[in-house]
Structures are given as structure tokens and as C-alpha cells.
2 protein chains.
Amino acid sequence: MPTYDATTDPALKAFFDIPAESHFPIQNLPFGVFRPAARREPRIGVAIGEYVLDLKVLQTLGFFDGPKLRNQDVFEERWLNDFMDLGKAARVEARQVISDLLSGKDARLKDDTDLQKRALVPMKDVVMELPVQIGDYTDFYSSREHATNVGTMFRGKDNALQPNWLHLPVGYHGRSSSVVISGTPLHRPMGQTKADDAAAPSFGPSRLVDFELEMGFFVSGGNALGKRLSMAEAEDHIFGLALVNDWSARDIQKWEYVPLGPFLAKNFGTSISPWIITLEALEPFRVAGPAQTDPEVLDYLKPVRKDQTYDLRLEVAIQGEKMDEAHTVCVSNFKYLYWSMAQQLVHHAATGCNMRTGDLLASGTISGPTEDSYGSMLELSWRGSKPLAFPNGETRKFLQDGDTVIMTGWAQGNGYRVGFGSCEGKLLPVSE
Amino acid sequence: MPTYDATTDPALKAFFDIPAESHFPIQNLPFGVFRPAARREPRIGVAIGEYVLDLKVLQTLGFFDGPKLRNQDVFEERWLNDFMDLGKAARVEARQVISDLLSGKDARLKDDTDLQKRALVPMKDVVMELPVQIGDYTDFYSSREHATNVGTMFRGKDNALQPNWLHLPVGYHGRSSSVVISGTPLHRPMGQTKADDAAAPSFGPSRLVDFELEMGFFVSGGNALGKRLSMAEAEDHIFGLALVNDWSARDIQKWEYVPLGPFLAKNFGTSISPWIITLEALEPFRVAGPAQTDPEVLDYLKPVRKDQTYDLRLEVAIQGEKMDEAHTVCVSNFKYLYWSMAQQLVHHAATGCNMRTGDLLASGTISGPTEDSYGSMLELSWRGSKPLAFPNGETRKFLQDGDTVIMTGWAQGNGYRVGFGSCEGKLLPVSE
């Protein structure tokens, strides 16, 4: 049975109409950073239907007067970090205040049309900005299906999974400077590559640019250097989730990655969706992940509960410049991931590595069991051997200049959706 | 012939005595961040002999009145980043002001004993702090001797270097949160390891903790996402250098690193020396690096000058808790590195990856051609097969709890040294 708190009750309704297919019903309340108009300063908001609720306005009016938030000015900041750093209790408190205002239980917004005009900004008028100052970005490799697909392509079916894969969440440090907000176009990278039949490598535009469908989470309150985190406390250090497109250059990766792992193949851009869905909003959508019994995981990674993941439908669509609309190429689900977010976080901190508020940990490509659920072009086109066909007759093995990749995802409730909106990015030609 | 500008002239002397073996003569002027006493706020300073020159005091008095610095308050900040972001011209201007004050050419400090008391803080009284807010930390693998030694141990002499190694500076993204200032003790990490003869991995204290002797440089002014850097402009984006100890857990690394590279084996701590020596101070010590003619490097990595590295003697000493003094275990040199800093930076940005002021790029272990010049215990003890003997009868294959690792380095001028001071760290037992 799903667990509902006062803010996730399916019966709850905003005092204004929100369509059933909206990603932002009153049960969601995801946090983000927006500009009310292109030239104005970024501020913190919450998505609600077709509007953004301006939290700075509410804070200035003293609406956040609970024990955790009343002496804070975290909603007057440009970044979410200071709010995130206050931890779960402050987040729960903020959600309750916002929920009450939007439901009309607290009538101060419902009954004040002037305040509504100031605090509810039409989403179509805002520009979204990167919501979090990201200290370190780490990328995992937590989908068994994805690791198996890649391993099968490069090493054959019998050696698909490396010996360590089922024992620990494999991951690597990524590049935080090039994490960008949805909507930011990226240039096709230049790089050093070597064809199998070439005598020497050459430098030029990558020919195998790919997307990777991933989910990321942000750390909320970390651990001191030298201290570890336990599975029991891990989820209390997670603020919420966002969609991640970990753009990849497969030909650069192939030549550079032995023995120290992917480097330039991954650092030319990582797109994230603008709205961060909190763990509180996802609570009703908990489900069990894959069984971790063969082999049993080591004690430090043992889940404290069975339903350690979430049922989140994920989709990827591509729209080329000559296409009239985007065409869905992948339907996957967050619940397919073998390793949970809690396990990723605990493993990351196991050496005493200090996790900091604002760190981004991404899942790695989320592929499902069927061919239409693979989360990258590499897998969907099976290394280019099965080009994808599009309705207008075009085909793709990898991405072409001008292609826009659109990711979306949501949890389906009874009559409502708790969603991320979208994570979009257009691939531009190599820059001069 | 060495190139000397007005601040590196060997004939220049401070108006007070500085011993010939000091690392901080008037030619050096390295930048750092210090607390005048444990409880006071961190501030920016320059090391000079046995003193730290307090730049905030000088800035407040309006001494930095040149075109680049007169409208700035960069020396009133807690971090060096804003100063670094002003670029080379501002750095050169600051060095000239400081040099003139310390030589007495500008007599305002020399003739004012009250100001000397305020601006010259005895180094023995200060606490050094992390000088730079590090955005991203990247670690390279640029010593041919080190890569060959490691490759020989794990794959045999004939396949020691991977096919890509001579074509590009192999590197990987590291963890910036755990970069600490010299003097910070670190705990032995816990981690997942698997012995060759064990059926399954286990979780416990790493048994093979190692140091890595490295040099790091800080980026000063970066490139926009999607833009690249050329070899001709690369050095203008480098602020200066610091010693780096990239602590490593070899047993964790061995089990985790396939296929995505080192992760937890490297993220429990990276120590840096507190003083950053600018490229201007190192200019007289330029030398040619190893020939890069077999194979020729690709055009985008072609050096614009022959003497693209520096003659910097590097030493590592270890002092166990039962030892009366530290014992030198390695003498190496920065000039042994195959890939230069300019090449590392240009390669890193080749995809359009945006480099930011404050990013730290480290060289990888700097090993030389002889057995006493190897920059890690892994190589010095040849994977534990040749334990190091210490004067008190103790031996080491890898580091033991309580061992302090002390790195130092300097350029030797005629009668003076331009040095880094030291980069020290003690290995504590696993934390509770």
C-alpha cells in the first residue's frame, strides 16, 4: 500500500484547476530556480500546474514561520544549496506550508488576488536556471541491463558483466563544470579517436555522439571527511531527483578510457531537468528493485527496507531539424536499476569521502529488459548495426547535428502524475 | 639562458635577511591563504623568508594602485579565486608591487616598522588554509616512467604502456571535496576489496595505502563551454603550481577500477602544499621535457616552445611514529613528466569542456628513471616485493597507521631556492 502524508494525499486539490496530465499537481511541489523574465535575477520557486510559485515572495511575507525555517532566508538565495543544507525536517516543513497555501487550507493566497499575481508566475514566462551549485558530480553504472548490453557488445555475452559489478555500484567521478540546465544547446565535441583499421589516431569531430538516459539525485547534508554513512541514514541525506542526460562521445571514449575510465568522452556536457522532485513527493511510488540475492550484497550495502526504489516511467524522444515532431525512441523505468540511490551514496562515502550538500550523483544509463527500453543510441542501434527509423524516413545510428533529445519522466498516481517536466538539449555542430 | 624579469633577478634581495636555503626568497613570492592565529579569519598572503606578508593590509592601504588592481578588493577575500580570475597581467602587477616593497625599492614598508609589525606575520604563528575554492579536480597520468612501471607490474614489460598513452595525456576526473591542505591528517579508508584467492570480496580497512608524488596547477581564467584552448594560449590560463599527494588505496583500486577507472581508491583525500608558486617565479627554471617525436604528437598538442617544463627537484620522506626523524624515500624531478601542463590543459578543454578559475589539474605520479626516483610505494617496494628499509630497522611495503608523508620541492637558483615548502599528511587509523 502506498504511503501518503498530508502533502501527498491523492484527494488533495489546488484551489485552481490543474489538468490531470500536468506533471505538477499539488502532490508534487518540486523545487527549482527560475527567472520571472529573462533579465531578472534568479529566484527559488515551486512548480504548480502552469505556474511557478515564487518562494521569495512567500518568505518575505513571513509565511515560512515554522521552527526550522522562521529564522532562515534560504528562499532569498540564488541557489537551493542553503535550503538543501537544512535537511529533511526543513523540507517537510516547507512542503506543508506550500501545500496549505495552494490547497486553500491556509486561505492567505487563495483569498488574495493581488498576492496571487505576485507569487504565481505563469510558467510560460519564466526562464529556468541551474538550481544547485554542484560541488562534485559522480556518475554510476547501476543498470544491469545497460552494463550487460555494453559488455555483450564489447566482450561477448559470456563475459558481459565484469566480476565486480554485482558486488558494488561501479561509478566514476564526473565533471561538474559542464552540468547545464535543460534547454542549453551543446556543441558536438572535437576529440582524439582511432579507427580500428587506422595506424594512428586523429583529432576531429566526434562521429558517435550519444545520449544517456539517467536519473540523478542531490545530496542534502553530507558527512565529514573520514566518516561514513550507513544504509539506515542514507535517504535522509538525499534531497530529491532530477532527470539527467549524460551526453557521451563513444568514439572518444573507446580510445581514451583504458585504463583510467571515461574522461573527455563525458565532459562536454551533462543536462539536467530544472525541477527537483523531493523524496517526500515520491514516497507513494515506492517499489522493490531487482533482487540482490545472487550474490548477496555485503552488509554495508544491505537495504534497510525492501521497497528501496520508485516506479518512475522514463521516456526519450528525438526530434531532428527536418522532423515535425519528436519521436519516442525509448520507454524505460527507474525501478529497473539494480543499485539504489541509498546504496550509491553509502558506497561513495565508504572510504570516508566527504559528501557535500549539492553534490550530484547520477545513476548511469537506465535500460530495461526489452529493446525499446534501452537508454542510449549505442544500445538502441546496437552499436550502429540496427539504425533507428523515424516517421519521416530518416534513420539514426547516433545523433546528428541539429537533433534535439527530449527526456521526460513521471510517477503515475490515481488520476494525477508526479513528473519532472522535461530535460531537453539540442546538439549543435562543432563550434569554431 | 634563464629569463629573468624584474621580480626574478637573482641579484634582488629583501631588505631583511633570508637564509640561502629558505624556499621563500624575494624571487619566489608564492600566494597562499593563512590565519594570523588559529581563531582569526583566513586572509591572503605571500611567503617571504620566515614571514607571511599580509596582502589585505597592503590592499587596505591602497598599495595595489596599478591599472589591473586599483579598483579591486581581491586581497580582502577568503579565497584566491577572484585574484586568479583577473589573469596574468594582474598577477604580474601584484608581484611587482610586492617585490618593490620587500626589496625596499619602494621604501614604504622598509622605513615603517609599525607597518612591518602589521604586515609581516611570523610564519611560525600562522595556520595555513586551503587557498583556492576548487571547482573540479582532474588527475593525469603523465609520467612515462610511472605508467611503464605500473604497466610492467600488471601486464608485463612488453605491454607496459597502453596504445593510447603516447598519443594523449591520459587523465580522469577526481574528487574535489576531499582536497585538503598540508597538515590535515587522513584516516585509513575502509573499502571493498577482493584477494586473488578469495571467492568473494569483503569490506574492511584498506591494507595497501600509498602516497603519490604529484604536482598540480590551478587554472586562472577558463574557456566557455563549447570553446577550446590552443597551445599558444594555454600557459596564460595557468596561475601556478603546488605539490600534491594523491593518496591511494591500491587494493580498493584493483577491485573497483574496471571498466570505469579509479573511484573510491582515490577519493578519501588529496593533500596539497599551501603555497602556490606562479609561472612568473618559475620562468628562470624552464627546461625541455622528454622528446615527443616517437610518435609525433598531434597538432592540437604540439608545443609552441621547446622548454615547456621546469627543473623542480622533488622529494618524499616518511616518518613513522617510532622514528626520530623523516627518512627520504624518493628524489624525483618535475622535468621527467612526458606531458606538459599546457598539453594537459589543452587536451582537457579539447571537447569544449569548460575550465574554470580554481580548477586543479594534477600530473599523476612523477617517477624518474632510477629506482630511488619512483613516486609511490607501489613502485618503490615493487608491489611489496622489495620492502623499504628505514634507519631504525623498520620496513615498509605500503604505509602504516601513524606514518607521516612529507613531500617537498624546489628550483635551485644560483645561491637561492624557489620552493614549495612542504606537503605533509599523517595517516590515522580507520575512524570509528
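Residues numbered from 1 in each chain as written. Chains lettered and ligands numbered in written order. Predicted model: local features only at pLDDT ≥ 70, side-chain atom pairs only at ≥ 80, totals over all residues. Heavy atoms only, no water.

**Looking at the overall build of chain A**
Line of reasoning, step 1. Within chain A one finds eleven helices and 26 strands.
Line of reasoning, step 2. Here chain A has a C-alpha radius of gyration of 22 Å; the compact-globule value for 432 residues is 22 Å, and the two agree.
Line of reasoning, step 3. For chain A, the spread of C-alpha atoms along the principal axes amounts to about 70 × 50 × 40 Å.
Line of reasoning, step 4. Each of the 432 residues in chain A was classed as buried or not, and the buried ones make up 62%.
Line of reasoning, step 5. In chain A, the proportion of contacts linking residues at least 24 apart, taken out of those at least 6 apart, comes to 71%.
Line of reasoning, step 6. By element, 48% of the accessible surface of chain A is carried by carbon and sulfur atoms, the whole surface being about 16,100 Å².
Line of reasoning, step 7. Here chain A carries 44 positive and 56 negative side-chain charges, and the mean point of each set is 1 Å from the other. (Helix = DSSP H or I, 4+ residues; strand = E, 2+ residues; numbered from the N terminus. Rg over C-alpha atoms; globule rule 2.2 N^0.38 Å. Buried < 20%, exposed > 50% of the residue type's maximum accessible area, 1.4 Å probe, protein only. Contact = heavy atoms within 4.5 Å. Areas by Shrake-Rupley, 256 points an atom, 1.4 Å probe, with all protein chains shown as cover. Lys, Arg positive; Asp, Glu negative; His and termini not counted. Charge placed at Lys NZ, Arg CZ, Asp CG, Glu CD.)

**Considering the pairing of strand 26 (residues 417-428) of chain B**
Residues and elements named next belong to chain B.
Line of reasoning, step 1. With two bridges joining them, strand 9 (residues 186-187) and strand 26 adopt parallel strand pairing. Paired with L186 across the bridge in strand 26 is L427.
Line of reasoning, step 2. Two strands pair when backbone bridges link them, and strand 25 (residues 404-412) and strand 26 are joined in this way by eight bridges, in the antiparallel orientation. Opposite V405, over in strand 26, you have G425 as the bridge partner.
Line of reasoning, step 3. Here strand 25 hands over to strand 26 after four residues, with G415 in that stretch at a positive phi of 90°. (Pairing = 2+ DSSP bridges.)

**Points about the sheet that holds strand 25 (residues 404-412) of chain A**
Line of reasoning, step 1. On the basis of which strands lie adjacent, the open sheet formed by five strands has the order 9-26-25-20-21 (chain A) and mixed pairing. Of all strands in the sheet, those bounded by a partner on one side alone are strand 9 (186-187) and strand 21 (327-333) of chain A.

**A word on the interface of chain B and chain A**
Line of reasoning, step 1. Each partner contributes residues to the interface: chain B has 60 residues there, and chain A has 60 residues.
Line of reasoning, step 2. Between chain B and chain A the total buried area reaches about 5,700 Å² when both faces are included, carbon and sulfur atoms providing 60% of it.
Line of reasoning, step 3. Considering only the surface of chain B that becomes buried against chain A, H173, L260 and F263 of chain B emerge as the three largest contributors, covering 15% of it.
Line of reasoning, step 4. Where chain B meets chain A, there are four salt bridges.
Line of reasoning, step 5. For the salt bridge of D359 of chain B with R175 of chain A, the shortest nitrogen-to-oxygen distance reads 2.6 Å.
Line of reasoning, step 6. At the level of elements, strand 6 (137-140), strand 7 (171-173), strand 9, strand 10 (190-193), strand 11 (202-205), helix 8 (250-256) and helix 10 (341-348) of chain B are the ones that each hand at least two residues to the side of chain B that touches chain A.
Line of reasoning, step 7. A breakdown of the residues in the side of chain B that touches chain A according to their chemical character gives 30 nonpolar, 22 polar and eight charged. (Buried area = accessible area lost by both parts, 1.4 Å probe. Salt bridge = Lys/Arg side-chain N within 4 Å of Asp/Glu carboxyl O. Nonpolar A, V, L, I, M, F, W, Y, C, P; charged D, E, K, R; others polar.)

**Observations concerning the UniProt feature "binding site: Mg(2+)" (unreviewed entry) in chain A**
Residues and elements named next belong to chain A.
Line of reasoning, step 1. Here the UniProt feature "binding site: Mg(2+)" (unreviewed entry) sits at D246, K266 and T270. Across 25 residues in sequence, these annotated residues keep their C-alpha atoms within 7.8 Å of one another, forming a single compact spot.
Line of reasoning, step 2. On the secondary structure map, D246 appears in the loop between strand 14 (238-245) and strand 15 (248-249).
Line of reasoning, step 3. Look past the residues within four positions of D246 in its chain and what remains in contact with it is Y137, D139, Y172, F211, E212, E214, K266 and T270.
Line of reasoning, step 4. A polar contact is formed between the side chain of D246 and the side chain of Y137, at a distance of 3.4 Å.
Line of reasoning, step 5. One can find T270 in strand 16 (residues 270-272).
Line of reasoning, step 6. Those residues in contact with T270 that lie beyond four places of it in its chain are Y137, S178, V179, V180, V244, N245, D246 and W247. (UniProt positions renumbered as here; feature names shortened; annotations may be inferred. Polar contact = N/O pair within 3.5 Å; in protein donor to acceptor, adjacent residues only side chain to side chain.)

**A short note on empty space enclosed by the protein**
All names here are of chain A.
Line of reasoning, step 1. Applying the stated criterion across every chain yields a total of seven cavities of 30 Å³ or more.
Line of reasoning, step 2. What the largest cavity holds in volume is close to 60 Å³.
Line of reasoning, step 3. What lines the largest cavity is simply G289, P290, Q308, T309, F334, L337, Y338, W339, S340 and M341.
Line of reasoning, step 4. Looking at the lining of the largest cavity, its residues break down into six nonpolar, four polar and no charged. (1 Å grid on protein atoms, 1.4 Å probe; cavity = no way out; pocket = protein on both sides within 12 Å on 5 of 7 lines; lining within 4 Å. Points joined across faces, edges and corners; volume = space filled by probe spheres on them.)

**Points about a negative patch on the surface**
Residue and element names in this part refer to chain A.
Line of reasoning, step 1. A surface patch of negative charge is lined by D73, E76, D82 and D85.
Line of reasoning, step 2. Counting through the fold element by element, D82 comes out in helix 2 (residues 81-85).
Line of reasoning, step 3. Its relative accessible area of 39% is what places D82 among the partly exposed residues. (Patch = residues over 30% accessible without salt bridge, like charges linked within 9 Å, V, L, I, M, F, W, Y side chains within 5 Å.)

**Things to note about the UniProt feature "domain: Fumarylacetoacetase N-terminal" (unreviewed entry) in chain A**
Line of reasoning, step 1. Under the UniProt annotation, the feature "domain: Fumarylacetoacetase N-terminal" (unreviewed entry) is placed at residues 27-131 of chain A.
Line of reasoning, step 2. Taken end to end, residues 27-131 of chain A is 36% helix and 20% strand, and its first and last C-alpha atoms sit 20 Å apart.

**As for the domain arrangement of chain A**
By a widely used convention, the size of an interface equals the accessible area lost when the partners come together.
Residues and elements named next belong to chain A.
Line of reasoning, step 1. Assigned domains of chain A: these are domain 1 (31-129) and domain 2 (137-428).
Line of reasoning, step 2. Distance from the C-alpha centre of domain 1 to the C-alpha centre of domain 2: 30 Å.
Line of reasoning, step 3. Counting the surface domain 1 buries against domain 2, the share from its top three residues, F31, M84 and R91, is 42%.
Line of reasoning, step 4. Scanning the region where domain 1 abuts domain 2 turns up two salt bridges.
Line of reasoning, step 5. In this assembly, domain 1 and domain 2 are joined by six residue pairs in polar contact (both at pLDDT 80 or more).
Line of reasoning, step 6. Of all the secondary-structure elements, those providing two or more residues to the side of domain 1 that touches domain 2 are strand 1 (31-35), strand 2 (43-48), helix 2, helix 3 (88-103) and strand 5 (127-129).
Line of reasoning, step 7. Classifying every residue of the side of domain 1 that touches domain 2 gives ten nonpolar, four polar and five charged. (Domains from an automatic or database assignment.)

**Some remarks on the sheet that holds strand 3 (residues 51-54) of chain B**
Residue and element names in this part refer to chain B.
Line of reasoning, step 1. Strand order in the open sheet formed by five strands is 4-3-2-1-5, with antiparallel pairing between adjacent strands. At either margin of the open sheet sits one strand with a lone partner, and together these are strand 4 (120-122) and strand 5 (127-129). Taken over all neighbouring pairs, the strand axes of this sheet differ in orientation by 50° on average, direction set aside.
Line of reasoning, step 2. Direction of pairing for strand 1 (residues 31-35) relative to strand 2 (residues 43-48): antiparallel, over a ladder of four bridges. Bridge pairing in strand 2 places G32 opposite G45. (Axes fitted to C-alpha atoms, helices over the stretch in contact; angles between N-to-C directions.)

**Topic: the relation of the copies chain B and chain A**
Line of reasoning, step 1. The operation relating chain B to chain A is a screw motion whose rotation component is 180°, with 0.0 Å of axial translation and a residual RMSD of 0.0 Å. Read as a symmetry element, the transformation amounts to a two-fold axis. Of the C-alpha atoms belonging to chain B, the one lying closest to the rotation axis is found on G261 of chain B, 2.0 Å away. (Least-squares fit on C-alpha atoms with pLDDT ≥ 70 in both.)

**Some remarks on unusual backbone geometry**
Line of reasoning, step 1. Omega for the peptide link from D294 of chain A to P295 of chain A comes to 5°, which places this bond in the cis form.
Line of reasoning, step 2. Its place among the elements puts P295 of chain A in the loop between strand 18 (286-287) and strand 19 (309-310).
Line of reasoning, step 3. Although it is not a glycine, W382 of chain B sits at a positive phi angle of roughly 40°.
Line of reasoning, step 4. With phi around 65°, R383 of chain B is a residue other than glycine that occupies positive phi space.
Line of reasoning, step 5. Topologically, R383 of chain B is positioned in the loop between helix 11 (377-380) and strand 23 (388-389).
Line of reasoning, step 6. On the accessibility criterion, R383 of chain B (42% relative accessible area) is partly exposed.

**Overview of the side chain of D246 of chain A**
Line of reasoning, step 1. The exposure class of D246 of chain A is buried, given its relative accessible area of 0%.
Line of reasoning, step 2. Here the side chain of D246 of chain A touches K266 of chain A through a polar contact of 3.3 Å, side chain to side chain.

**Quick look at the environment of Q72 of chain B**
All names here are of chain B.
Line of reasoning, step 1. Residue position: Q72 is located in the loop between helix 1 (55-60) and helix 2 (81-85).
Line of reasoning, step 2. On a C-alpha basis, the gap between Q72 and F83 in space is 8.7 Å, while along the polypeptide they are eleven residues apart.
Line of reasoning, step 3. Residue contacts for Q72: discarding those within four places in its chain leaves Q59 and L86.

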